[in-house]
Amino acid sequence: MVESILVAGGAGYVGSHACKALDLAGYQPVTLDNLATGHADAVKWGPFVQADIRDAETVRRTVREHNITAVMHFAASSLVGESMVRPELYYENNVIATLRFLEALTAEGIRQIVFSSTAAVYGAAEAELIPETAPLVPTNTYGETKRAIEGALSWMAPVHGFSWAALRYFNAAGADEAAEIGERHDPETHLIPNLVRATLGTGPGLKVFGTDYPTPDGSCVRDYIHVADLADAHLAALAWLRAGPSGQGRPFNLGTGKGLSVLEVVKAGERVLGKTPPHELAGRRAGDPPRLVADPSAAQTAFNWRATRSDAETLIRTAAAFERTRM
Ligand code: UFG
């Protein structure tokens, strides 16, 4: 019999790619999403339950109906800028909603939880390659709420006998190789989709935010990780949890260990798209740390995961292919 995995936030960007990866690996993803920011037409694999993670009755019924023992939890508000304007919304949608969700899941005896976390838990980290043991000093409410949930998982797991992994994504980017799904944020604030839109003429010219940072070319350096690599990591983490003891868990960085500057991404855009992305050099964007690059070795060691599609060319090529499907 095909095993079902509950995917909260399965209609969203990373969640929908996880659903596809689960389907390919022979699982049935069961998407639970309230469509606050997700898209119904991104649910292409497995059943869809349109509900909020706070709706304990529906969560519990879904778990029972599909015999679910493992959950991937992507459902969250995830815009850093918005989190600084409406911090209470982020506590409500991320912390409070997740607590309600965890209560329902533990009442049904869920055994494994893979949680979508973020490099924003580190804030402006000092290390060249940031390890999971780096201090957690988030500089925005979004990162703070993810840190709070990681804490809740660590204290609840031994009490309720589930195991967990919090996957701290660095900069998620790119789209499904077949362009069936991709990134559709509204508003779009991320570098790669903005660069693609500027170049294809579906969005305004790109602004390069800051050229006076203490980095080799003065623009910010990030660790971009392909969304399908992230999806694979969720499956690998689940297998790792299943092989280990219950009541335990830990965070893992998901990144490549290699940084790319904004200007390097613009140059890669030119190579991939055959035209210089229309861009202008602009001032710094508030709250951007100069450099954030993962030490991804823990995930490599624990569950033998490494990024295989996260080079700039693949990221931009797949993001552009998805954008073209929407033109
Ligand atoms: N940038 C531009 N122009 C744009 C958009 C972005 O120059 O139009 C720059 C930013 O200033 C930054 C870099 O490109 O230097 C990356 O910016 P993104 O907005 O794509 O991503 P962030 O690094 O700001 O944030 C992302 C996620 C967060 C997550 C964080 C963790 O959006 O949710 O990575 O590292 F918390």
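As the structure is a prediction and not an experimental result, all values here were calculated from the model. (Residues numbered from 1 in each chain as written. Predicted model: local features only at pLDDT ≥ 70, side-chain atom pairs only at ≥ 80, totals over all residues. Heavy atoms only, no water.)

**Description of the packing of helix 8 (residues 262-273) against helix 10 (residues 312-325)**
Then, in step 1: In the contact formed by helix 8 and helix 10, the axes pass within 9 Å of each other and the chain directions differ by 60°. As the angle between them shows, helix 8 and helix 10 are arranged oblique. The way helix 8 lies across helix 10 gives a crossing that is right-handed. Along its contact with helix 8, which presents V265, A268, G269, R271, V272 and L273, the element helix 10 presents A312, E313, I316, R317, A320 and R324. (Axes fitted to C-alpha atoms, helices over the stretch in contact; angles between N-to-C directions. Helix = DSSP H or I, 4+ residues; strand = E, 2+ residues; numbered from the N terminus. Parallel < 35°, antiparallel > 145°, perpendicular 65-115°, else oblique. Left-handed = near helix turned anticlockwise from the far one by under 90°. Contact = heavy atoms within 4.5 Å.)

**Topic: the sheet that holds strand 12 (residues 260-261)**
Then, in step 1: Strands sit in the order 12-9-14 across an open sheet of three strands; the sheet is mixed. In the strand order of this sheet, the two ends are held by strand 12 and strand 14 (291-292), each with one partner.
Then, in step 2: As judged from the two bridges shared by strand 9 (residues 221-222) and strand 12, these two strands associate in the antiparallel manner. Residue pairing in the sheet places R222 in a bridge with L260 of strand 12. (Pairing = 2+ DSSP bridges.)

**Notes on helix 7 (residues 227-243)**
Then, in step 1: Given a rise of 1.5 Å per residue, 17 residues ought to cover 24 Å, and the 25 Å separating the end C-alpha atoms of helix 7 matches this to within 8%.
Then, in step 2: Among the 17 residues in helix 7, twelve count as buried, and that is most of the element.
Then, in step 3: What helix 7 keeps buried is the set V227, A228, D229, L230, A231, A233, H234, L235, A236, A237, L238 and L241. (Expected span 1.5 Å × (residues − 1). Buried < 20%, exposed > 50% of the residue type's maximum accessible area, 1.4 Å probe, protein only.)

**A look at the packing of aromatic side chains**
Then, in step 1: Counted by the stated rule, this structure contains five aromatic pairs.
Then, in step 2: Their ring planes at 90° and their centres at 5.0 Å tell us that W240 and F252 sit as a pair that is edge-to-face. One end of the pair, W240, is in helix 7; the other, F252, is in strand 11 (residues 249-254), and twelve residues separate them in sequence.
Then, in step 3: If you follow R250 out to its NZ or CZ, it ends over the ring of F252, 4.4 Å from the centre. (Phe/Tyr/Trp six-rings, centres within 6.5 Å; stacked < 30°, edge-to-face > 60°. Lys NZ or Arg CZ within 6 Å of the ring centre and 35° of its normal.)

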